Number of protein chains: 2
Amino acid sequence: MSLTGQPPAAVLVFQTLLQHGPLSRAEIGRRTGLSPGAVTKSATPLIADGWITEVGRPTAERANGRPATLVAVRAARARFVGVKITGDELIGVLADLTARPLASRRAALDSRDVGTVVLAIARLVQQLRDTADVGEADAIHGLGVTISGDVDGQTGHVQYSPFLNWRRVPLAQLVESATAIPTVIENDVRALTVAEQWFGAGAGLSSFALVTVGAGIGAGLSVGGRVISGAHGVAGEVGHLPVGGTERTCTCGNTGCVEAVASTHAITEQARQATGDAELTMEEAVRLAHAGDPAVRGVFTHAGHTLGLALASVANLIGPERIIISGEGVASYDLFADQIRQTFADHAFGAAADCDLVVRSLPFEEWARGGAAVAAQRVFAPAK
Amino acid sequence: MSLTGQPPAAVLVFQTLLQHGPLSRAEIGRRTGLSPGAVTKSATPLIADGWITEVGRPTAERANGRPATLVAVRAARARFVGVKITGDELIGVLADLTARPLASRRAALDSRDVGTVVLAIARLVQQLRDTADVGEADAIHGLGVTISGDVDGQTGHVQYSPFLNWRRVPLAQLVESATAIPTVIENDVRALTVAEQWFGAGAGLSSFALVTVGAGIGAGLSVGGRVISGAHGVAGEVGHLPVGGTERTCTCGNTGCVEAVASTHAITEQARQATGDAELTMEEAVRLAHAGDPAVRGVFTHAGHTLGLALASVANLIGPERIIISGEGVASYDLFADQIRQTFADHAFGAAADCDLVVRSLPFEEWARGGAAVAAQRVFAPAK
DNA sequence: TGCCTTAATTTCCAACGGAAATGTAAAGTC
DNA sequence: GACTTTACATTTCCGTTGGAAATTAAGGCA
């Protein structure tokens, strides 16, 4: 029912196809270092089990020799559900083996009680399951639930969730009981990072950071093909890097946190102070800034500067190949893009400045997709 | 001549013994997950080749059963030379397989010309070789040269060394020609981190950071048993984290760098400003601070605060199990220890504050030892 | 049609490591 | 003191894995 039990070479072949799309067997051998014979031997049972399939010939005609046959992952072979829990709603997606969304659905949460949330998850999963109940892949192979906070994926416990005020909740087990689907849980940012690592802007990179800017500011760090978890479950806390000066106080009690300057909430609040309008919304602030209001523009510039410092910190410490910037805040990205890049270029040390900065708008459905990716990982990346 | 060619299980057995001292075969099996039979089979040729040896019985008497036989790495099996290049001298050590120093020696550098330095290295190596030329291990198995700056260990090139003003120097090849010893080069901080990872305060940890405070401020990061190199060769640049406010300008041109506040040079300069004594030395500043001079104490406190912010940044991003603080600055560590810990505790987010802070005075000989460790790695950690 | 080239498969085989039986060396027991 | 128990260590046997190399396949080209 999964790749577990397949020899390492077969897993390698499958992962290579996942990350690098259709390839010929010969090309797989070159990329993985496996001998041609080993590739054929690994691929045969994978094809027999429907995990991969032949998909024709390469388009680019080459001069001579026997033409290659491309093989690719058969995405329909397995389906997964990913669910992201926020403070007031659930976002769920039904996705295939490559975490491509097939359907998505939201559900409001009227209570943050554990039992209620678990039931709501079970209902949402059932609805998604009904949405597309055709074809061979009848069953859902796995469910990945993601949530912000301190999550221990090994034991399946949510150690602490600030938004829901949960502590030591054995969520994986509870959801698995309620849905009868093998369930994994993971921190939401790490799950999103896993999705990008396998199927997104991080595929094939030796290291990258995924920074999310929104109500909170966080990051997932992928180094050498693994997403860093932190020895104590905490890592990638970009939002609490102390680079922001002493003017504003963060929810964590400190001054200087990036989050205290550049989160959507912080920007709104500063725009209110700048304009004197205590009712100003984020949207209005964006409009004012676009219209050229110098005070509001200054707020965005300052936020951009602080984010630039945070990204430079990441680059100086980790030296990632790429930093992906995403989040709700990206909607108004044009307002601080220049400042981010300028400050980043100034403060990234030496060759760390060669780090590639890309922007990707990742809506909440993408976050739920992260859950599906984590669940799918159980199939193709056994026992790490 | 090395462990290359040995099966993976043998390498694993050897590495386990390197990191965790004498163990019984049964215990090795438990720790590595190998079957008892595999451990015996791996250990036999290692013993025959003199890499490991039986060292008697465990002291703690257990109730019953056949007593275990401990095996341990035979450190004398191979010898390495490590050399650290600074702006004005070479520090060299002769070390055994566990990077334990057998002899050490320094040599002044009167020129920073590449050819001159290479010759000086060759002379230093020859002197160390003569120092202890007895016993079976006649030859030096490897040489590790370390230097601060951008070093590409793969190609053996020093891409850029600020202190020596070198660019794209194929140092490994030059030194290897001059000494006829297999040579590897590595960034000095990363080499020190490798030494700590295998033989020091980082042995067996899932992740740790080694922060060095001195003329410069840097760090090596070890995650999952690998020292992070950065996609562009830059990583661990703690010294240029922008957490230090806007008062002082760094050599890199920016304000806010940790190095601009907390390097020995920066502390001396600030102490001079504080006292009005333009000739004040670091030693005098330390003395004044110990005597209670409030202005000078303030300088140390501020430096400690800035270092604390830097360590908190490392903890928030990586979440290491431990942070090792070292460097010349550690001599006066008592002056800012409290402030470092206080600021770290304040700004480390959530469980990141559980990170263990330890102080280790690592003199320059230890840095040279790092070179030996990197060279030794070639023997016991093949082809990563 | 034969030849060349590259892809893919097949065959053969060495080695790696697990399972389990066997051997070994102590303590405990009556 | 013989016997049992216990845990360490070794040996034997065997399934699996993946590489080497020979073989087959499928096209272009002269």
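Remember, predicted model here, so these are calculated numbers, not experimental data. (Residues numbered from 1 in each chain as written. Chains lettered and ligands numbered in written order. Predicted model: local features only at pLDDT ≥ 70, side-chain atom pairs only at ≥ 80, totals over all residues.)

1. Points about the overall build of chain A
In terms of regular secondary structure, chain A is built from 12 helices and 16 strands. Relative to the globule expectation of 21 Å for 384 residues, the C-alpha radius of gyration of chain A, 22 Å, shows essentially globular dimensions. Seen through its principal axes, chain A has C-alpha atoms that stretch 70 × 55 × 40 Å. Within chain A, buried positions represent 49% of all 384 residues. (Helix = DSSP H or I, 4+ residues; strand = E, 2+ residues; numbered from the N terminus. Rg over C-alpha atoms; globule rule 2.2 N^0.38 Å. Buried ≥ 20, exposed ≤ 12 C-beta atoms within 10 Å, placed from the backbone.)

2. Here's the deal with the protein's contact with DNA strand D
Taken together, 24 residues lie around DNA strand D, and A:A38, A:R66, B:G37, B:G65 and B:R66 are the ones closest in. For the surface near DNA strand D, the secondary structure elements donating two or more residues are helix 1 (8-20) and helix 3 (36-48) of chain A together with helix 2 (25-32) and helix 3 (36-48) of chain B. If one sorts the elements of the surface near DNA strand D by residue count, helix 3 of chain B sits on top with four residues. Classifying every residue of the surface near DNA strand D by side-chain character gives 10 nonpolar, 10 polar and four charged. (Near = placed C-beta within 6 Å. Nonpolar A, V, L, I, M, F, W, Y, C, P; charged D, E, K, R; others polar.)

3. Considering the protein's contact with DNA strand C
Among the 26 residues in the neighbourhood of DNA strand C, the closest are listed as A:G37, A:G65, A:R66, B:P7 and B:A9. Secondary-structure elements contributing two or more residues to the surface near DNA strand C are helix 2 (25-32) and helix 3 of chain A together with helix 1 (8-20) and helix 3 of chain B. Partitioned by chemical class, the residues of the surface near DNA strand C number 11 nonpolar, 11 polar and four charged.

4. What to know about the domain arrangement of chain A
Residue and element names in this part refer to chain A. Split by domain assignment, chain A resolves into domain 1 (8-76), domain 2 (78-193 + 365-380) and domain 3 (203-359). Between the C-alpha centres of domain 1 and domain 2 there is a distance of 31 Å. Contact with domain 1, which involves seven residues of that partner, is made by seven residues of domain 2. No other element matches helix 1, which puts four residues into the side of domain 1 that touches domain 2. (Domains from an automatic or database assignment. Contact = placed C-beta atoms within 7 Å.)

5. A short note on the relation of the copies chain B and chain A
After a rotation of 180° and a shift along the axis of 0.0 Å, chain B superposes on chain A with an RMSD of 0.1 Å. In short, the pair behaves as if placed about a two-fold rotation axis. Across chain B, the smallest distance between a C-alpha and the rotation axis is recorded for B:V243, namely 2.4 Å. Counting the interface residues of chain B, we find that 100% of their copies in chain A are interface residues as well, pointing to one common contact surface. (Least-squares fit on C-alpha atoms with pLDDT ≥ 70 in both.)

6. Let's talk about the pairing of strand 13 (residues 217-223) of chain A
Residue and element names in this part refer to chain A. With respect to burial, strand 13 is a largely interior element, seven of its seven residues being buried. Judged by which residues are buried, strand 13 turns out to be covered on both faces: I217, A219, L221 and V223 on one side and G218, G220 and S222 on the other are all buried. Where strand 12 (residues 207-213) meets strand 13, seven bridges bridge the pair, whose relative direction is antiparallel. Bridge pairing in strand 13 places V211 opposite A219. In this antiparallel pair of consecutive strands, strand 13 and strand 14 (residues 226-227), the connection spans two residues, and G224 shows a positive phi of 60°. (Pairing = 2+ DSSP bridges.)

7. Quick notes on the interface of chain B and chain A
Listed by partner, the interface residues are 39 residues for chain B and 39 residues for chain A. The set of elements that each furnish at least two residues to the side of chain B that touches chain A consists of helix 10 (294-318) and helix 11 (333-347) of chain B. When residues of the side of chain B that touches chain A are assigned to their parent elements, the largest contribution, seven residues, is made by helix 10 of chain B. In the side of chain B that touches chain A, the residues fall into 19 nonpolar, 14 polar and six charged.

8. Here's the deal with the environment of A:W166
Residue and element names in this part refer to chain A. Among the structural elements, W166 can be located in strand 10 (residues 166-169). The exposure class of W166 is buried, given the 21 C-beta atoms found within 10 Å. Between the C-alpha atoms of W166 and D113, which are 53 residues apart in sequence, the distance is 8.6 Å.

9. Quick look at helix 3 of chain B
Residue and element names in this part refer to chain B. Helix length check: helix 3 (13 residues) gives 19 Å between terminal C-alpha atoms against 18 Å at 1.5 Å per residue, within 8%. Taken as a whole, helix 3 has its buried residues at V39, S42, A43 and L46. What you see down the axis of helix 3 is that its buried residues fit within an arc of 100°, all on one side. Exposed side chains of helix 3 directed beyond 90 degrees from the buried face belong to G37, T44 and A48. Contacts made by the buried residues of helix 3 are with helix 1, helix 2, strand 2 (52-54) and strand 3 (70-73). Among the residues trailing helix 3, G50 stands out with phi positive, at a value near 80°. (Expected span 1.5 Å × (residues − 1). Arc of directions from axis to C-beta.)

10. Concerning the sheet that holds strand 12 of chain A
Residues and elements named next belong to chain A. Read across the open sheet, the five strands follow the order 14-13-12-15-16; overall the sheet is mixed. Looking at the sheet topology across the chains shown, the edges are occupied by strand 14 and strand 16 (356-359). Contacts from helix 10 (residues 294-318) reach strand 12, strand 13 and strand 15 (322-326) within the one sheet, and its direction differs from that of strand 12 by about 160°. (Axes fitted to C-alpha atoms, helices over the stretch in contact; angles between N-to-C directions.)

11. Here's the deal with helix 2 of chain B
Every α-helix carries 3.6 residues per turn, so stepping three or four residues along brings you back to the same face. All names here are of chain B. Every buried residue belonging to helix 2 is among R25, I28 and G29, and all of these are buried. Looking down the long axis of helix 2, one finds its buried residues gathered within 100° of arc, a one-sided arrangement. Considering only its buried residues, helix 2 is in contact with helix 1, strand 1 (23-24), helix 3 and strand 3. Note on helix 2: the residue one or two positions beyond its end, G33, has a positive phi of about 85°.

12. Digging into the packing of helix 8 (residues 264-275) of chain A against helix 10 of chain A
Residues and elements named next belong to chain A. Look at helix 8 against helix 10: their axes get within 9 Å of each other, and the N-to-C directions meet at 150°. Judged by the angle between their axes, helix 8 and helix 10 are roughly antiparallel. Where helix 8 crosses over helix 10, the two elements pack in a sense that is right-handed. Within the contact between the two elements, helix 8 uses I267, Q270, A271, A274 and T275 and helix 10 uses A295, V296, G298, V299, F300 and A303. A per-class count over the contact of helix 8 with helix 10 returns eight nonpolar, three polar and no charged. (Parallel < 35°, antiparallel > 145°, perpendicular 65-115°, else oblique. Left-handed = near helix turned anticlockwise from the far one by under 90°.)

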